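Spelled out from the first residue to the last, the chains are:
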Amino acid sequence: MLALVCATLVLAALIAGIGPVLILGMAGGRGFAESLATVLHDAYLHRVFLFTLGQAALSTLLSLLGAVPVARSLARRPAFPGRGLIVQMLGVPLLLPALVGVLALVALYGRTGWVASAVATLGGEMPPIYGVGGILLAHVFFNLPLAVRILLRPLEAVPGESWRLAAQLGFSPGQVFRWIDWPVLRRSLPSVATLIFLLCSGSFTIVLALGGGPRATTLEVALYEALRLDFDPSRAAILALLQTLLCIGIGGLLVRLTPPAVPLSLGLGRNGARPDRHLWRTRILDSLWLGGAVLFIGGPLLGLIHGGLRGPILAVLWEADLWTAALNSLRLTALAAPLAVLGALGLLLGARRLPTRLRRLVAGLGTLPLALPPIVIGTGWFILFRPLVLAPWVAVALTIALATLMALPYTLRALAPAVTEAAARHDRLCAALGLRGWQRFHLVDFPVLRRALVTALALAAALSLGDFGAVALFGASDTAALPLLLFSRMGSYRFDEAAVIALFLLLLGFVVFWGIEKGLGRDRRA
């Protein structure tokens, strides 16, 4: 019963965010009709819509073009010094707040960055990072490692019998890719492309920080401007509907194109001796791709650390605003992260008694925030609570709720395999013993789910700590969190102070993540 209540609360929160936008969009009032006519005939918004589509599609393509060879190189080299470190480094951008990643890229590729200085020494000139190029660079920086980690799993799961057969048939590297690697990748690429496209089309923070002007604006940024700057709820509702239809339409189309996940075989061994593993050509290519990935991901992080250490550390650390913002961020994280885990757990546990189709529907609703970016849901809440939104406690509550919803899809992904495993192992036994509800969870499910719960909590805490979308929409001066303070310093071109704040936020995020992982994940035995 408690699990079903949690599931109902999560779905009610989603409906409360989407409902006002749909109601205002379909109400047909005079203000809405005028705004709709304006949007349909506004050449600027036409360019914004096309730019949103174009940059998301190009970012997805570039991310996948880099991720496929890097994933194949890691799968082809299952053991070499530093491989584990490279795989762990691929997870850093997922935990990195978007604003911190943006500042890291500026520190490396900006006008005064290392790359720009090296190019200037050689007599060249780097193109400006603000604009389309910077947006694409940031999207690839965040999404290429994500795609590599997703594609690496099926490549590593190819049965050893397939490699032995390929060796007996004398497959060349091209034939290995055509007959073994590509069929595996083809099953995963549509879903990975869907995920990256949704993330890029709803990339509010990156576009707001690196857009550089009206020529590089997406629907989310235009929606934010309509709500926060122009205070035009009707126009914001129309833009929110367009953003929602775009994400759901493209996502649904790509999901339909995904072929069924049929395994190659039921072999016992994994990653046997690939016939293309010991060739000198593949060794050189793998070294180049892995070295390039390390430089592409690690370079901006080193630039950020270097810039932060060179900045006015003592002056920034002495500011009361920094510690107030840090305390606000920790408060937000302390409430949003457990709520996200409880919401995901409620959805998964509440859905496992339902029929298969309903179970997939309920679990799928939990991933809806990926198709409905925070600015869309926040717009609905802004419209719903408009008379009260100026009250500080209402703004704080909405910020926590929005951060919770944004972390919900990731906690679902972290918990779903463990919940499925627990159900497969213990459903019949619990039914025979009459265990249900809290008694079953405490005695049977929790020991299986404990590790996954800690991982989901750590992930949700890291995401909530650096979430900018929620605090940008509802944050006020007295409740400003670290991402909002960082953005204000970047907006006033105080990049030396911004680098220190970004380094502080980065270190705080990793302390929170590893503290939860090590503190709660430790196996306490009597």
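Residues numbered from 1 in each chain as written. Predicted model: local features only at pLDDT ≥ 70, side-chain atom pairs only at ≥ 80, totals over all residues. Heavy atoms only, no water.

Chemist: Hey, could you run me through the overall build of the protein in this one?
Modeler: Helix and strand content of the protein: 24 helices and zero strands. For the protein, the share of sequence-separated contacts (at least 6 apart) that also reach a separation of at least 24 residues comes to 83%. A total of about 25500 Å² of accessible surface is found on the protein, and carbon and sulfur atoms cover 68% of it. (Helix = DSSP H or I, 4+ residues; strand = E, 2+ residues; numbered from the N terminus. Contact = heavy atoms within 4.5 Å. Areas by Shrake-Rupley, 256 points an atom, 1.4 Å probe, with all protein chains shown as cover.)

Chemist: Would you take a moment to explain the nonpolar core for this structure?
Modeler: As a rule of thumb, nonpolar side chains are buried together in soluble globular proteins. One finds Leu415, Leu482 and Leu486 to be the most contacted residues of the largest nonpolar core, which totals 121 residues. Here the element with the most residues in this core is helix α21 (residues 437-465); it accounts for 14 residues. For Leu486, the residues in contact, after removing those within four places along its chain, are Leu99, Val100, Leu103, Ala498, Ile501 and Ala502. Judged by nonpolar contacts, the second largest core, of 10 residues, contains Leu45, Ala226, Ala236 and Ala240. (Core = buried A, V, L, I, M, F, W, Y, C linked by side-chain atoms within 4.5 Å. Buried < 20%, exposed > 50% of the residue type's maximum accessible area, 1.4 Å probe, protein only.)

Chemist: When you look at empty space enclosed by the protein in this model, what are you seeing that I'm missing?
Modeler: One simple way to see leftover space: roll a probe sized like a water molecule over the atoms. Summed over the entire model, instances satisfying the criterion amount to two cavities of 30 Å³ or more. The set of elements that each furnish at least two residues to the lining of the largest cavity consists of α5 (92-95), α8 (132-156), α10 (173-201), α11 (204-210), α18 (368-371), α20 (392-433) and α21. In the lining of the largest cavity, the residues fall into 24 nonpolar, eight polar and one charged. (1 Å grid on protein atoms, 1.4 Å probe; cavity = no way out; pocket = protein on both sides within 12 Å on 5 of 7 lines; lining within 4 Å. Points joined across faces, edges and corners; volume = space filled by probe spheres on them. Nonpolar A, V, L, I, M, F, W, Y, C, P; charged D, E, K, R; others polar.)

Chemist: I keep staring at helix α6 (residues 98-109) and nothing clicks. Help me out?
Modeler: An α-helix turns once per 3.6 residues; consequently, residues spaced three or four apart project the same way. Over its 12 residues, α6 extends 16 Å from the first C-alpha to the last, a length consistent with the 16 Å expected when each residue adds 1.5 Å. Burial runs high along α6: 10 of the 12 residues are buried. Where α6 is concerned, the buried positions are Leu99, Val100, Gly101, Val102, Leu103, Ala104, Leu105, Val106, Leu108 and Tyr109. (Expected span 1.5 Å × (residues − 1).)

Chemist: Even after reading the chapter, I still don't get α10, so can you show me in this structure?
Modeler: Given a rise of 1.5 Å per residue, 29 residues ought to cover 42 Å, yet the end C-alpha atoms of α10 are separated by just 35 Å, more than 12% below that figure. The sharpest bend along α10 measures roughly 45 degrees and falls at Asp181, with the proline Pro183 sitting one to four residues further on. (Bend = angle between axes of the 7 residues up to and from the residue.)

Chemist: I'm lost on the packing of aromatic side chains in this one. Help?
Modeler: Each aromatic ring pair is summarised here by two numbers: the centre-to-centre distance and the angle between the ring planes. As enumerated under the stated definition, the model contains five aromatic pairs in all. Between the aromatic rings of Phe141 and Phe142, the centroid separation amounts to 5.3 Å while the plane-to-plane angle is 80 degrees, which identifies the pairing as edge-to-face. Between Phe177 and Trp182 the ring centres are 6.1 Å apart and the planes differ by 40 degrees, which places this aromatic pair in the tilted class. The class for Phe177 is partly exposed, based on a relative accessible area of 29%. (Phe/Tyr/Trp six-rings, centres within 6.5 Å; stacked < 30°, edge-to-face > 60°.)

Chemist: Help me understand the packing of α6 against helix α7 (residues 114-121) in this model?
Modeler: Axis angle and axis distance: for two packed helices, these are the angle between their axes and the distance between the axes, and together they describe the pair. Following both chains from N to C, one finds α6 and α7 inclined at 15 degrees, their axes separated by 4 Å at the closest point. Taken together, α6 and α7 sit at an angle that is classed as roughly parallel. The segment α6 lies against α7, with Ala107, Leu108 and Tyr109 engaging Trp114, Val115 and Ala116. Its residues assigned to classes, the contact of α6 with α7 comprises six nonpolar, no polar and no charged. (Axes fitted to C-alpha atoms, helices over the stretch in contact; angles between N-to-C directions. Parallel < 35°, antiparallel > 145°, perpendicular 65-115°, else oblique.)

Chemist: When you look at a nonpolar patch on the surface in this model, what are you seeing that I'm missing?
Modeler: A contiguous nonpolar patch, built from Trp280, Ile284, Leu285, Leu288 and Trp289 and spanning about 580 Å² of accessible area, is present on the exposed surface. Its relative accessible area of 45% is what places Ile284 among the partly exposed residues. (Patch = residues over 30% accessible without salt bridge, like charges linked within 9 Å, V, L, I, M, F, W, Y side chains within 5 Å. Salt bridge = Lys/Arg side-chain N within 4 Å of Asp/Glu carboxyl O.)

Chemist: Mind showing me how you'd approach the side chain of Ser73 here?
Modeler: Checked against the element boundaries, Ser73 lands in helix α3 (residues 43-76). In this structure Ser73 comes out as buried when scored by relative accessible area, which is 0%. In terms of polar contacts, Ser73 uses its side chain to reach the backbone carbonyl oxygen of Pro69, at 2.8 Å. In contact with Ser73, not counting residues within four places along its chain, are Asp286, Trp289 and Leu290. (Polar contact = N/O pair within 3.5 Å; in protein donor to acceptor, adjacent residues only side chain to side chain.)

Chemist: Looking at this structure, how should I read the environment of Ile150?
Modeler: Turning to its location among the elements, Ile150 is positioned in helix α8. Ile150 gets classed as partly exposed once you look at its relative accessible area, which sits at 29%. Residues Ile150 and Ser188, 38 residues apart in the sequence, show an inter-C-alpha distance of 8.1 Å.

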